[in-house]
Amino acid sequence: MPLPRFIANDQRVKNSHGFYLENAGGNFERFTANPVMLDNHNPDRLIGCWEGLAVDGDLLTALPVFDEGTELGRERKGQVERGFLKGASIGLYIHAAEYRPNPVTGEPEIYVTSWEMLELSVTPIPSNSGSLSLCIYNSERQPVEGEQLAAHLENIVQLTLNNKNMPSINTGGIQTPATVSLTAPALVALGISEGADSAAISAAVVALSANYEREKTARERLEAEAKAAREKASADMIALAMKEGRITADQRPTYERLAAADFEATKAALEAIPAKTSLSALVKGATGSTSIPAERKAWNLHAWMQNDMAGLRKLKAEDPDAYAEILGRV
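In this text the structure is predicted, and so the values were computed from the model without any measurement. (Residues numbered from 1 in each chain as written. Predicted model: local features only at pLDDT ≥ 70, side-chain atom pairs only at ≥ 80, totals over all residues. Heavy atoms only, no water.)

Visitor: How would you explain the overall build of the protein if you had to name every residue and give the values?
Guide: Scanning the protein for helices and strands turns up eleven helices and eleven strands. Burial analysis of the protein (330 residues in total) assigns 34% to the buried set. Pairs at least 24 residues apart make up 58% of the contacts formed inside the protein by residues separated by at least 6 positions. Of the roughly 19,700 Å² that the protein leaves accessible, carbon and sulfur atoms contribute 55%. (Helix = DSSP H or I, 4+ residues; strand = E, 2+ residues; numbered from the N terminus. Buried < 20%, exposed > 50% of the residue type's maximum accessible area, 1.4 Å probe, protein only. Contact = heavy atoms within 4.5 Å. Areas by Shrake-Rupley, 256 points an atom, 1.4 Å probe, with all protein chains shown as cover.)

Set out below in structure tokens:
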């Protein structure tokens, strides 16, 4: 049966991020050239494409075409046909936005007036009655995280005010451009003074972003180095415990997990386990030279084989000199 058209946007309804998206401000050139359908904005889950993208009054709609050559594409198509999956969600990059009085409430609201459509996803998470939750991308085409979205939108609004249709202030007959008003904490964060122009604000935002990326890269490097050092220390500690006979090879995975969770507690636990004395240690004389224990001095190879074959094999593996001495004894 034919699939229903999906509503990608209803410009009359505020979306889950708290703004109105104007269809007339959309740039669809990139999208129509490659109208990809993603599963909930996941770039690794391409499940189809879209046809017939169109603005119908206040609605932006499109017709889904699922890739039935993939299991997920078939699954999502079935969910649409059975009426379980009904929502579409735009992935977009915002160029301009502004505060404007809501025609119904009169309260100032954010209206996105210029934007670019990058992708359109099917998603089960509803945002409002007309459309679904949007995915906002930054200038590097990376999704903006939820906790950063409010600041991202506010910055776009401020830059739009400063760069497009900026109001003027009449000062004795001389028209001067209005300046962007930022809060004191914002001025401190950006390192600029009150009354800064658009160029200064833009430069400060770019510098702040670059500094954040440098700090992020440095932090990630230090975290990786610290992790590698912890893993090496844990591996060395467990290898030593095995060598000393404190734990066996089959116990190693358990102690690796314990060390990953609490290195110091695992170290204390391993040190509390007595080390096993090897047979080679038993046959070392006071001077450090190889010798046979007093109670076995008279044993020749036959006696060892008859009375302690396992001990003979262990002696051969751990102390070849002592074993050679036994072989040479008449």
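Visitor: Explain the pattern of salt bridges residue by residue, including any values.
Guide: As enumerated under the stated definition, the model contains 15 salt bridges in all. Across the pair Asp-58 and Arg-12 runs a salt bridge whose closest N-O atoms are separated by 3.6 Å. Of this pair, Asp-58 sits in the loop between β5 (42-56) and β6 (59-66) while Arg-12 is found in the loop between β1 (6-10) and β2 (19-21), placing the two residues 46 residues apart along the sequence. The shortest N-O distance in the salt bridge between Arg-100 and Glu-98 comes to 2.8 Å. Overall, Glu-98 belongs to the partly exposed group, its relative accessible area being 29%. Taken together, the shared-partner salt bridges connect Asp-39, Arg-45, Glu-75 and Arg-76 into one network. (Salt bridge = Lys/Arg side-chain N within 4 Å of Asp/Glu carboxyl O.)

Visitor: Describe the packing of helix α10 (residues 309-318) against helix α11 (residues 320-327), with residues and values.
Guide: Their axes nearest at 5 Å, the elements α10 and α11 cross at an angle of 125°. Considered as vectors, α10 and α11 are oriented oblique to each other. In this structure, α10 contributes Leu-312, Leu-315, Lys-316 and Glu-318 to the contact, and α11 contributes Pro-320, Ala-322, Tyr-323 and Ile-326. When grouped by side-chain class, the residues that make up the contact of α10 with α11 number six nonpolar, no polar and two charged. (Axes fitted to C-alpha atoms, helices over the stretch in contact; angles between N-to-C directions. Parallel < 35°, antiparallel > 145°, perpendicular 65-115°, else oblique. Nonpolar A, V, L, I, M, F, W, Y, C, P; charged D, E, K, R; others polar.)

Visitor: Quick rundown of the packing of helix α6 (residues 252-261) against helix α7 (residues 263-272)? Include the residues and the values.
Guide: Helix-helix packing: each pair is described by the crossing angle between the helix axes and the interaxial distance. One can describe the packing of α6 onto α7 by two numbers: an axis separation of 6 Å at closest approach and a directional angle of 135°. By the angle between their axes, α6 is oblique relative to α7. Contacts from Tyr-255, Leu-258, Ala-259 and Ala-261 in α6 reach Phe-263, Thr-266 and Leu-270 in α7. For the contact of α6 with α7, the class distribution of residues is six nonpolar, one polar and no charged.

Visitor: An account of the environment of Met-242 is needed here, citing residue identities and associated values.
Guide: As for its position among the elements, Met-242 is in helix α5 (residues 198-243). Judged by its relative accessible area of 25%, Met-242 falls in the partly exposed class. Taking the C-alpha atoms as reference, Met-242 lies 9.8 Å from Leu-270; in sequence the two are 28 residues apart. Apart from the residues lying within four places of it in its own chain, the contact partners of Met-242 are Ile-247, Ala-249 and Arg-252.

Visitor: Describe the packing of aromatic side chains, listing the residues and the values that go with them.
Guide: By the definition in use, this model includes four aromatic pairs. Consider the rings of Phe-6 and Trp-50, whose centres lie 5.6 Å apart with planes at 70°: the pair is edge-to-face. Separated by 44 residues along the polypeptide, Phe-6 in strand β1 and Trp-50 in strand β5 bring together distant segments of the chain. By relative accessible area, which is 4% here, Trp-50 ends up buried. Ring centres 5.5 Å apart and planes at 85° place the aromatic pair Phe-28 and Trp-115 in the edge-to-face group. With Phe-28 in the loop between β3 (26-27) and α1 (29-33) and Trp-115 in strand β8 (residues 108-122), this pair connects stretches of sequence that are 87 residues apart. Classification of Trp-115 as buried rests on a relative accessible area of 0%. (Phe/Tyr/Trp six-rings, centres within 6.5 Å; stacked < 30°, edge-to-face > 60°.)

Visitor: A description of the nonpolar core should follow, citing residues and the corresponding values.
Guide: Counting 34 residues, the largest nonpolar core has Phe-19, Trp-50, Ile-90, Trp-115 and Leu-120 as its most contacted members. Where this core is concerned, the elements lending two or more residues are β1, β2, β5, β6, α2 (71-81), β7 (88-101), β8 and α3 (146-163). Looking at this core element by element, the count peaks at six residues for β8. Every residue in contact with Trp-50, bar those within four places of it in the chain, is listed here: Phe-6, Phe-31, Pro-35, Val-36, Met-37, Ala-62, Leu-63, Pro-64, Ala-88, Leu-120, Ser-121 and Val-122. Core analysis: the next-biggest nonpolar cluster, separate from the first, contains seven residues, Ala-241, Ile-247, Ala-259 and Leu-270 among them. (Core = buried A, V, L, I, M, F, W, Y, C linked by side-chain atoms within 4.5 Å.)

Visitor: Kindly report on the pairing of β5, identifying the contributing residues and their values.
Guide: Across four bridges, the pairing between strand β4 (residues 36-39) and β5 is antiparallel. The residue of β5 that forms the bridge with Asp-39 is Asn-42. With seven bridges connecting them, β5 and β6 associate as antiparallel partners. Bridge pairing in β6 links Ala-54 to Thr-61. Taking the residues that link successive antiparallel strands as the turn, the β5-β6 hairpin has two residues, and the phi of Gly-57 there is positive, at about 70°. (Pairing = 2+ DSSP bridges.)

Visitor: Give a detailed account of the side chain of Glu-109, specifying residues and quantitative values.
Guide: Checked against the element boundaries, Glu-109 lands in strand β8. Among residues more than four places away in sequence, those in contact with Glu-109 are Lys-14, Tyr-20, Glu-98, Tyr-99, Arg-100 and Asn-102.

Visitor: Give a detailed account of α11, specifying residues and quantitative values.
Guide: Considered for burial, the residues of α11 that qualify are Ala-322, Tyr-323 and Ile-326. Projected down its long axis, α11 shows its buried positions confined to an angular sector of 100°, all on one face. Taken together, the buried residues of α11 touch α9 (301-307) and α10. (Arc of directions from axis to C-beta.)

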